[in-house]
Amino acid sequence: MAETSSSARTRALPSLEDAEWLRRPATVRVFEALEAPGVETRAVGGAVRDALLGRAVREVDLATTAKPDKVMTLARKGGLKAIPTGIEHGTVTIVGGGASFEVTTLRRDVETFGRHATVAFTEDWEEDARRRDFTLNALYAGRDGTVFDPLGGYEDVVAGRVRFIGDAEARIKEDYLRILRFFRFNAYYGKGSYDTEGLAASVRLRDGLGRLSAERIKAELWRLLLAPGATTAIEALFDYGLLPGVLGGAPRLDRFNRLVEIERAQGLAPDAARRIAALAVFVQEAAPRLAARFRLSNAEQAVLALGAIGPDMLSLPDENAAKRLLYRRGTDDFRDSVLLAWAGSDAAADDADWRAVLTLPEHWQAPVFPLRGADLVETGEFHGPEIGDTLRHLEAEWIDGGFATPRDELLARAVALSRKSPKPNR
Ligand code: ATP
Ligand code: MG
């Protein structure tokens, strides 16, 4: 049995009995619902790994010896909602108490084609551990906080070593996404240099990334980009020639590195789309191309587009230029544009002038243009498309005049403009 082979290590393992997430009412309810004769359920993966590192635990995934249909029945008997989200490979999502849990029956992968593995359920914890990707992800915890470590993952957690379980090359060939996961987990947990075997296999098999779906690549890449070690991981992907294949274009590390540095210096939360923009969008066409590649939302594509910096932002904008930009773009786009422009300049990450521009929305609110279409209609001078054209023209003048021209003056100006321009037959 797995427990026998790992009992020597088990003794040296810390207990998670005080872990807050094991005592959350929602967690307790799921464990209780799955309690049945002959059934054993444990937390697995991220929750255990992060708890051992003293990091915050959000999602709790569970592994259980109960077969999926039994998991469904037990959950419902316990008054919880059970959704067969991936029942053919053993996963049921249980929802209750404001949280959801992926509960997966212990399994071994019989045949693997990318994410679609043909599985066989098992009651052997070590077998279940062996089908997982890295040793640090193959840790389990019982509901009382006892940690189980069938493959020696705890040592790797502590040492910050991301090691494939089994032969790295074979494991990557089963699922090429593991290449990106290797870099992603290194970006969150790695200390020191990468595991040589894992790195060499990732580099050798990098072409396999081309077989993955956009959604899977995106999910991993976005998490990688937000990692504490994102710059090192992106640099490694670049140095070993994997990054162009991931992005489908030529990246530039310097602006990306500088953006990360500026975000840190300014105490800003990272944003994956903004970071991709810094890394890979230097011309307008790159934004729709990447958006199509990763199936991005319109909002994400809009952030990406800001990477192609317009002439107005090639140097530090003066106050009026900054106000114009804020008025035109709104706060979020403005901040992203400023950060990207700053990252593209050679100003320091704590530069006071750039900071003043960045924080403009905190002390200046863009005014509202005081004229509307109805105002022009009322004058009796404007019809049809003239209305919109004149409004846009006047708004541009008003912006250039520092948003200062009062409403009456704008109206008078509108009338003057109308009388000046020849009227076609209506
Ligand atoms: P995170 O905190 O980032 O969610 P996690 O360890 O929970 O980390 P998930 O991607 O949610 O990572 O996966 C849950 C667990 O399932 C992993 O810990 C790992 O054991 C296993 N796993 C997930 N994806 C794969 C994969 N492609 N190949 C092998 N095992 C995987
Ligand atoms: Mg997870």
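Predicted model only: the values in this text are computed from it and were never measured.

A.B. asks: An account of the overall build of the chain is requested, with residue identities and associated values reported.
C.D. replies: Each helix and strand in the chain was counted, giving 24 helices and nine strands. For 426 residues, the compact-globule estimate of 2.2 N^0.38 gives 22 Å, and the chain exceeds it by more than 25% at 28 Å. Principal-axis analysis of the C-alpha atoms places the extent of the chain at approximately 95 × 50 × 40 Å. Taken across its 426 residues, the chain has 50% of its residues classed as buried.

A.B. asks: How would you sum up the domain arrangement of the chain? Please name residues and give values.
C.D. replies: The domain boundaries assigned to the chain delineate domain 1 (1-159), domain 2 (166-248), domain 3 (262-362) and domain 4 (373-420). Distance between the C-alpha centres of domain 2 and domain 4: 56 Å.

A.B. asks: Could you give an account of the packing of helix 19 (residues 319-344) against helix 23 (residues 385-400), naming the residues involved and the relevant values?
C.D. replies: Close contact between helix 19 and helix 23 brings their axes to 10 Å; oriented N to C, the two are set at 145°. Contact residues: Arg 324, Tyr 327 and Arg 328 in helix 19; Glu 395, Ala 396, Trp 398, Ile 399 and Asp 400 in helix 23.

A.B. asks: With reference to specific residues and values, describe the sheet that holds strand 1 (residues 41-44).
C.D. replies: Pairing in this open sheet of seven strands is mixed, and the strands run 3-4-5-2-1-8-9 from one edge to the other. Edge positions in the sheet fall to strand 3 (81-86) and strand 9 (147-148), since each has one partner strand and no second. Summarising the sheet, strand 3 and strand 4 (residues 91-96) pair through four bridges and their orientation is antiparallel. Paired with Ala 82 across the strands is Ile 94, a residue of strand 4. Sitting on the sheet, helix 4 (residues 25-33) touches strand 1, strand 2 (61-64), strand 4, strand 5 (99-105) and strand 8 (140-141), and the angle it makes with strand 5 is about 35°.

A.B. asks: Go over the nonpolar core with me, naming the residues and quoting the values.
C.D. replies: With 90 residues, the main nonpolar core has Leu 16, Trp 21, Leu 62, Ile 94, Phe 183 and Ile 234 as its most contacted residues. Contacts of Ile 234, omitting those with residues within four sequence positions, involve Leu 224, Leu 225, Leu 243, Leu 253, Phe 256 and Leu 279. Within the second largest apolar cluster, 37 residues are counted, among which are Trp 342, Leu 391, Leu 410 and Ala 414.

A.B. asks: Please set out the site of ligand 1 residue by residue, giving values where relevant.
C.D. replies: Close contacts around ligand 1 come from 14 residues, with Arg 49, Arg 178, Arg 181, Arg 184 and Arg 223 the closest. With respect to ligand 1, the backbone of Gly 46 contributes an N or O atom lying 3.3 Å from an oxygen atom. Bound to the protein, ligand 1 loses 79% of the 590 Å² it would expose on its own. Listing elements by their share of the shell around ligand 1, those giving two or more residues are helix 5 (46-52) and helix 10 (177-189). Counting residues per element, the shell around ligand 1 draws most heavily on helix 10, at four residues. Looking at the shell around ligand 1 residue by residue, the class counts come to one nonpolar, three polar and ten charged.

A.B. asks: Provide a residue-level description of unusual backbone geometry, including the pertinent values.
C.D. replies: Apart from glycine, the bulk of residues carry a negative phi angle, and the bulk of peptide bonds sit in the trans form. Within the chain, Arg 295 stands out as a residue other than glycine whose phi angle is a positive 50°. Take Arg 295: it is sitting in the loop between helix 17 (286-294) and helix 18 (298-305). Even without a glycine there, the phi angle at Phe 403 is positive, about 60°. Residue placement: Phe 403 occurs in the loop between helix 23 and helix 24 (407-420).

A.B. asks: So, the side chain of Arg 184: which residues are in play, and what are the values?
C.D. replies: Among the structural elements, Arg 184 can be located in helix 10. Take Arg 184: its relative accessible area is 6%, and that puts it in the buried class. In this structure the side chain of Arg 184 is engaged in a polar contact, spanning 2.8 Å, whose partner is the side chain of Glu 220. Non-local contacts of Arg 184, meaning those with residues more than four positions away in its chain, are made with Glu 220, Arg 223 and Leu 224.

A.B. asks: Summarise the packing of aromatic side chains; cite the residues concerned and give the values.
C.D. replies: The final tally for this structure, using the stated rule, is 17 aromatic pairs. The interplanar angle of 85° and the centroid separation of 5.6 Å between the aromatic rings of Phe 182 and Phe 183 together place this pair among those described as edge-to-face. We classify Phe 182 as buried; its relative accessible area is 0%. For Phe 183, a relative accessible area of 0% puts it in the buried group.

A.B. asks: Talk me through the side chain of Ser 345; I want residue IDs and the actual numbers.
C.D. replies: By secondary structure assignment, the location of Ser 345 is in the loop between helix 19 and helix 20 (352-358). For Ser 345, a relative accessible area of 18% translates into the label buried. Apart from the residues within four sequence positions on either side, Ser 345 is in contact with Arg 258 and Trp 354.

A.B. asks: For the pattern of salt bridges, give the residues involved together with the corresponding values.
C.D. replies: A full pass over the atoms with the stated rule returns 33 salt bridges. Among the ionic pairs, Asp 109 bridges to Arg 107, the shortest N-O distance being 3.1 Å. A salt bridge links Glu 300 to Lys 218, with the shortest nitrogen-to-oxygen separation between them at 3.2 Å. Taken together, the residues Glu 300 in helix 18 and Lys 218 in helix 12 (residues 214-225) connect sequence positions 82 residues apart. Residue class for Glu 300 comes out buried when judged on its relative accessible area of 17%. For Lys 218, a relative accessible area of 18% corresponds to the buried category. Several salt bridges share partner residues, and in doing so they unite Asp 133, Arg 181, Arg 184 and Glu 220 into one network.

A.B. asks: Report on the environment of Ile 387, specifying residues and quantitative values.
C.D. replies: Along the chain, Ile 387 turns up in helix 23. Residue classification places Ile 387 among the buried residues on the basis of a relative accessible area of 16%. When the C-alpha positions of Ile 387 and Ala 227 are compared, they lie 50 Å apart, and in sequence the two are 160 residues distant. For Ile 387, the contacting residues outside a window of four places in its chain are Gly 373, Leu 376, Val 377 and Phe 382.

Reading guide: rules and limits
Residues numbered from 1 in each chain as written. Chains lettered and ligands numbered in written order. Predicted model: local features only at pLDDT ≥ 70, side-chain atom pairs only at ≥ 80, totals over all residues. Heavy atoms only, no water. Helix = DSSP H or I, 4+ residues; strand = E, 2+ residues; numbered from the N terminus. Rg over C-alpha atoms; globule rule 2.2 N^0.38 Å. Buried < 20%, exposed > 50% of the residue type's maximum accessible area, 1.4 Å probe, protein only. Domains from an automatic or database assignment. Axes fitted to C-alpha atoms, helices over the stretch in contact; angles between N-to-C directions. Contact = heavy atoms within 4.5 Å. Pairing = 2+ DSSP bridges. Core = buried A, V, L, I, M, F, W, Y, C linked by side-chain atoms within 4.5 Å. Near = heavy atom within 4 Å. Polar contact = N/O pair within 3.5 Å; in protein donor to acceptor, adjacent residues only side chain to side chain. Areas by Shrake-Rupley, 256 points an atom, 1.4 Å probe, with all protein chains shown as cover. Nonpolar A, V, L, I, M, F, W, Y, C, P; charged D, E, K, R; others polar. Phe/Tyr/Trp six-rings, centres within 6.5 Å; stacked < 30°, edge-to-face > 60°. Salt bridge = Lys/Arg side-chain N within 4 Å of Asp/Glu carboxyl O.

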